[in-house]
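# Observations on the three-dimensional arrangement
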Amino acid sequence: MATPSNDNCFKLPEVKFTKLFINGQFVDSVSGKTFETIDPRSGEVIARVAEGDKEDVDLAVKEAREAFDHGKWPRMSGAERHRIMLKYADVLDEHAEELAAIDSLDAGKLFTLTKALDVAESANCLRYYAGAADKIHGQTLKMSSPFQAYTLLEPIGVVGLIIPWNFPISIFFGKVSPALAAGCTMVVKPAEQTPLSALYCAHLAKLAGIPDGVINVVNGFGSTAGAAVSSHMDIDKVSFTGSTEVGRLIMQAAATSNLKPVSLELGGKSPLIVFNDADVDMAVGLAPMAAFFNKGEICIAGSRVYVQEGIYDEFVKKMIERANSWVVGDPFDPKVHQGPQVDKKQFERILAYIDHGKREGATLLTGGKSVGDKGYYIEPTIFTDVTDGRRSDRESKQHQIRACSGSIDEGYKSGEQDD
């Protein structure tokens, strides 16, 4: 496992946008408050970002409502929305390197992968939903009486979109794209750990010709800005990706306000199961990606691995070798497999889970420590003798490998996603 290095020659992006984006303009928060966004490679401050609160959400919703009730976007033909969304995708491609670099700087994501996957697939997501914009059709129904009956699909109105920190670009466009295609307007609340890429995406939307008021971005904290979005009486729907705990709060807030519909994508605890007749080398190649991809900060991670007894020892040996060859370091370095955790809180949380594993009787085979003297880097870590019910298995993204007889357990730890 390599030590983080800042010796690469990549030119870091200039942070251009740190205010709220409301009605097509970058503006200060009503309170004038700001908060720090941190470079997880070093723990140093990247910039101070405007801190939105309930009053700012109110302003953003007001502009989004005006754009929906009286603006051009919902009244455009589907073909015209299609054309502008394709332009937005092209603009995204043109700024792919800078946008990927922002998430590498702000979230610790690997630059090469973020550019090739997150940004490229986001542009494709826009193009996909652009294709749907002029194909939103209802149905004509045959009636048993002399009546005319049909269904008509219409945009729901103003939507609130709450974005997590693990895939800021991908999930921004995963939520924004279908809302745009339908003719909705929106208020986006990015994660406070990673606000910079959402602001840049809002800037690109304006360049592409998305009308003012259609996309609004309010930076801030979940307990204030996020709560204001989920409970707002003039937001017609909320979409949230994040933790199950916060998902419950959002559903409660939606129910007790205007009973708005809610879409939730919450965390998981998915097992990878490897049987005796599996190709062990292939399984060993897949398991680290399931465990360590995006430094473990992914809600669909293969967060436990069960291995049948007949191949268990071979699998464990090869997994230790693979973990020891995993390069941890600066996310701008193309040779690196794993960058820093997103922030100090997640960094300390993971180390605490590793400590719990040790104290609860699990045997540490490799890893288990932070890497380097600054930043939020952690070694890929493998435990054996992990049993059901321990906190490290029950709560963390601990990846457990178990013989099917139940006699042997192993787990390895990369990242904890508080999505």
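Preceding this paragraph is the structure being described.
In this text the structure is predicted, and so the values were computed from the model without any measurement.

With that settled, the discussion passes to the overall build of the chain. Looking only at helices and strands, one finds twelve helices and 17 strands in the chain. Per-residue burial over the chain gives 53% buried out of 419 residues. Across the chain, contacts joining residues at least 24 apart in sequence account for 75% of those joining residues at least 6 apart. If you sum the accessible surface of the chain, you get close to 17800 Å²; carbon and sulfur atoms cover 53% of it.

The subject of this paragraph is the pairing of strand β13 (residues 302-307). The buried fraction of β13 is high, at five of six residues. Where strand β12 (residues 270-274) lies against β13, five bridges are found, and the strand directions are parallel. Paired with Leu272 across the strands is Val305, a residue of β13. Read from β12 through helix α9 (residues 280-292) to β13, the crossover connection turns out right-handed.

Right, let's talk about the pattern of salt bridges for a bit. As a working rule, side chains carrying opposite charge can pair if their charged atoms are close by. According to the stated counting rule, one finds 25 salt bridges in the structure shown. Asp93 serves as the salt-bridge partner of Arg127, at 2.6 Å between the closest nitrogen and oxygen. With Arg127 in helix α4 (residues 111-132) and Asp93 in helix α2 (residues 78-94), this residue pair connects regions lying 34 residues apart in the sequence. Overall, the relative accessible area of 26% leaves Arg127 in the partly exposed class. For Asp93, a relative accessible area of 37% translates into the label partly exposed. Taken together, the shared-partner salt bridges connect Arg65, Asp69, Asp234 and Asp236 into one network.

The next thing to look at is the environment of Phe26. If you trace the backbone, Phe26 turns up in strand β2 (residues 25-27). For the pair formed by Phe26 and Asn216, sequence separation is 190 residues and the distance between their alpha carbons is 9.7 Å. Ignoring any residue separated from it by four or fewer positions in sequence, one finds Phe26 in contact with Phe17, Lys19, Leu20, Phe21, Leu199 and His203.

Packing of helix α3 (residues 96-107) against helix α6 (residues 196-208) brings their axes to within 9 Å, and their N-to-C directions diverge by 160°. The angle between the axes of α3 and α6 places the two elements in the roughly antiparallel class. Between α3 and α6 lies a crossing of right-handed hand. Taking contact as the criterion, the partners of Glu98, Leu99, Ile102, Asp103 and Asp106 in α3 are, on α6, Leu196, Ser197, Tyr200 and Cys201. The residue inventory of the contact of α3 with α6, partitioned by class, reads five nonpolar, one polar and three charged.

Let us now look at α3. With twelve residues, α3 should reach 16 Å at 1.5 Å per residue; the first-to-last C-alpha distance of 16 Å fits that figure. For α3, the tally of buried residues reaches ten of twelve residues, placing the bulk of the element in the interior. Where α3 is concerned, the buried positions are Ala96, Leu99, Ala100, Ala101, Ile102, Asp103, Ser104, Leu105, Asp106 and Ala107. Buried residues belonging to α3 abut β3 (34-39), β4 (44-50), α2, α4, α5 (168-182) and α6. Taken from the residues just after α3, Gly108 is the one with a positive phi, measuring 75°.

This part is about the side chain of Asp343. Note on placement: Asp343 falls in the loop between α10 (309-325) and α11 (344-359). Engagement of the side chain of Asp343 in a polar contact is seen with the backbone nitrogen of Gln346, the distance being 2.9 Å. When residues no more than four places from it in sequence are discounted, the contact partners of Asp343 are Gln193 and Tyr376.

Attention now moves to α9. In a regular helix each residue adds 1.5 Å, so 13 residues correspond to 18 Å; α9 covers 18 Å between its end C-alpha atoms and thus fits that length. Phi turns positive one or two residues past the end of α9, at Asn294, with a value near 55°.

Mapped onto the secondary structure, Ser29 falls in the loop between β2 and β3. One polar contact links the side chain of Ser29 to the main-chain carbonyl oxygen of Lys33, over a distance of 3.2 Å. Beyond its immediate chain neighbours, meaning those up to four positions away, Ser29 contacts Leu20, Ala50, Glu51, Gly52 and Asp56.

A word on a nonpolar patch on the surface. There is a patch of nonpolar side chains on the surface, built from Leu141, Met143 and Phe147 and spanning about 310 Å² of accessible area. Here Leu141 is to be found in strand β5 (residues 140-141). Note on Leu141: relative accessible area 39%, which makes it partly exposed.

Their axes nearest at 9 Å, the elements α3 and α4 cross at an angle of 120°. Here α4 runs oblique to α3, going by the angle between their axes. Here α3 runs over α4; the crossing is right-handed. Facing Ala96, Glu97, Leu99, Ala100, Ala101, Asp103 and Ser104 of α3, the residues of α4 in contact are Phe111, Thr114, Lys115 and Val119. Grouping the constituent residues of the contact of α3 with α4 by class yields six nonpolar, two polar and three charged.

Side-chain positions along a regular strand alternate between the two faces of the sheet. Where burial is concerned, the two faces of β3 differ: the one with Phe35, Thr37 and Asp39 is buried and the one with Thr34, Glu36 and Ile38 is not. Here β3 runs beside β4; their pairing, made up of six bridges, is antiparallel. Across the sheet, Thr34 pairs through a bridge with Ala50, a residue of β4.

Backbone geometry places Asn23, a non-glycine residue, at a positive phi of 55°. At Asn294, a residue that is not glycine, the phi angle is positive and equals roughly 55°. Within the secondary structure, Asn294 is located in the loop between α9 and β13. Asn294 sits in the buried class, given a relative accessible area of 11%.

Rules and cut-offs
- Residues numbered from 1 in each chain as written.
- Predicted model: local features only at pLDDT ≥ 70, side-chain atom pairs only at ≥ 80, totals over all residues.
- Heavy atoms only, no water.
- Helix = DSSP H or I, 4+ residues; strand = E, 2+ residues; numbered from the N terminus.
- Buried < 20%, exposed > 50% of the residue type's maximum accessible area, 1.4 Å probe, protein only.
- Contact = heavy atoms within 4.5 Å.
- Areas by Shrake-Rupley, 256 points an atom, 1.4 Å probe, with all protein chains shown as cover.
- Pairing = 2+ DSSP bridges.
- Right-handed = clockwise from strand over helix to strand, strands pointing away.
- Salt bridge = Lys/Arg side-chain N within 4 Å of Asp/Glu carboxyl O.
- Axes fitted to C-alpha atoms, helices over the stretch in contact; angles between N-to-C directions.
- Parallel < 35°, antiparallel > 145°, perpendicular 65-115°, else oblique.
- Left-handed = near helix turned anticlockwise from the far one by under 90°.
- Nonpolar A, V, L, I, M, F, W, Y, C, P; charged D, E, K, R; others polar.
- Expected span 1.5 Å × (residues − 1).
- Polar contact = N/O pair within 3.5 Å; in protein donor to acceptor, adjacent residues only side chain to side chain.
- Patch = residues over 30% accessible without salt bridge, like charges linked within 9 Å, V, L, I, M, F, W, Y side chains within 5 Å.

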